[in-house]
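# Notes for the structure review
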Amino acid sequence: MVIIIAVIVALVAILIIANIRVVSQSQAQIVERLGGYHSTWTVGLHVKVPFIDKIVSKMSLKEKVFDFPPQPVITKDNVTRQIDSIVFFQVLDSKLYTYGVENPIAGIEALTATTRRNLIGDLDLDDTLTSRDYINSKRRSIVDEATDPWGIKVTRVEVKNILPPHDIQEAMEKQRRAEREK
């Protein structure tokens, strides 16, 4: 009888210890109770109810950086350019991030691509080279506003490279050489 009680006490102790979680300062965890949202755990010690609570998402609250590949964009004067971007963002609301959109990174990439096409499509070839600050700030505000329902704060959107077509690059180089020789 004593052995049975000792085994039961040991199993209960193991079950309780196995359900104690420590969440670090740079993380958040989403907990569901019986399949529905229950709480967001932030820094500290937490205990989940065995067999009832489930940690469905663990995420970093640090700022993230994503480098998106170049995409062709047509300027106002019908010149196709390859433009790639870097996006800096941070998760501000873990619940919205978990339940707001299926794939937030793909969503951010699609938003930056469409805003890039819209903004560059309104500029001439020369303006795209000289208006980087305008393009970056406008894109950041548009993408940040669109990602608010996902619990994401977009802190920066940067144009990394603007590459004109090869024939236009050659023409620009010839023009530079001609100006130097004058």
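The notes below deal with the structure included here.

On to the pattern of salt bridges. Applying the stated criterion across every chain, the model contains four salt bridges. With a shortest N-O distance of 3.7 Å, D144 and R140 are connected by a salt bridge. With D144 and R140 both in helix α5 (residues 132–147) and four residues apart, the pair spans about one turn of that helix. Since its relative accessible area comes to 10%, D144 is described here as buried. Classification of R140 by relative accessible area gives partly exposed; the value is 26%.

Taken together, the side chains of D77, D124, D126 and D127 present a region of like negative charge at the surface. Note on placement: D77 falls in the loop between β6 (64–74) and β7 (80–91). According to the relative accessible area criterion, D77 is partly exposed, its value standing at 37%.

This paragraph deals with unusual backbone geometry. In this structure, L34 takes a positive phi of about 55° despite not being glycine. With respect to the helices and strands, the residue L34 is situated in the loop between β2 (27–33) and β3 (36–41). For F51, which is not glycine, the phi torsion reads 70° and is therefore positive. Looking at the element boundaries, F51 is found in the loop between β4 (44–47) and β5 (53–60).

Scanning the entire structure with this criterion turns up three aromatic pairs. Ring geometry for Y37 and Y99: centres 6.1 Å apart, planes at 85°, overall edge-to-face. Highlighted residues: Y37 in strand β3 and Y99 in helix α2 (residues 94–100), separated in sequence by 62 residues. A relative accessible area of 33% places Y37 in the partly exposed class. Through a chain of ring-to-ring contacts, three or more aromatic side chains come together here, namely F66, F68 and F89. When the ring centre of F88 is taken as reference, the NZ or CZ atom of R156 above it lies at 5.0 Å.

Criteria and thresholds
- Residues numbered from 1 in each chain as written.
- Predicted model: local features only at pLDDT ≥ 70, side-chain atom pairs only at ≥ 80, totals over all residues.
- Heavy atoms only, no water.
- Salt bridge = Lys/Arg side-chain N within 4 Å of Asp/Glu carboxyl O.
- Helix = DSSP H or I, 4+ residues; strand = E, 2+ residues; numbered from the N terminus.
- Buried < 20%, exposed > 50% of the residue type's maximum accessible area, 1.4 Å probe, protein only.
- Patch = residues over 30% accessible without salt bridge, like charges linked within 9 Å, V, L, I, M, F, W, Y side chains within 5 Å.
- Areas by Shrake-Rupley, 256 points an atom, 1.4 Å probe, with all protein chains shown as cover.
- Lys, Arg positive; Asp, Glu negative; His and termini not counted.
- Charge placed at Lys NZ, Arg CZ, Asp CG, Glu CD.
- Phe/Tyr/Trp six-rings, centres within 6.5 Å; stacked < 30°, edge-to-face > 60°.
- Lys NZ or Arg CZ within 6 Å of the ring centre and 35° of its normal.

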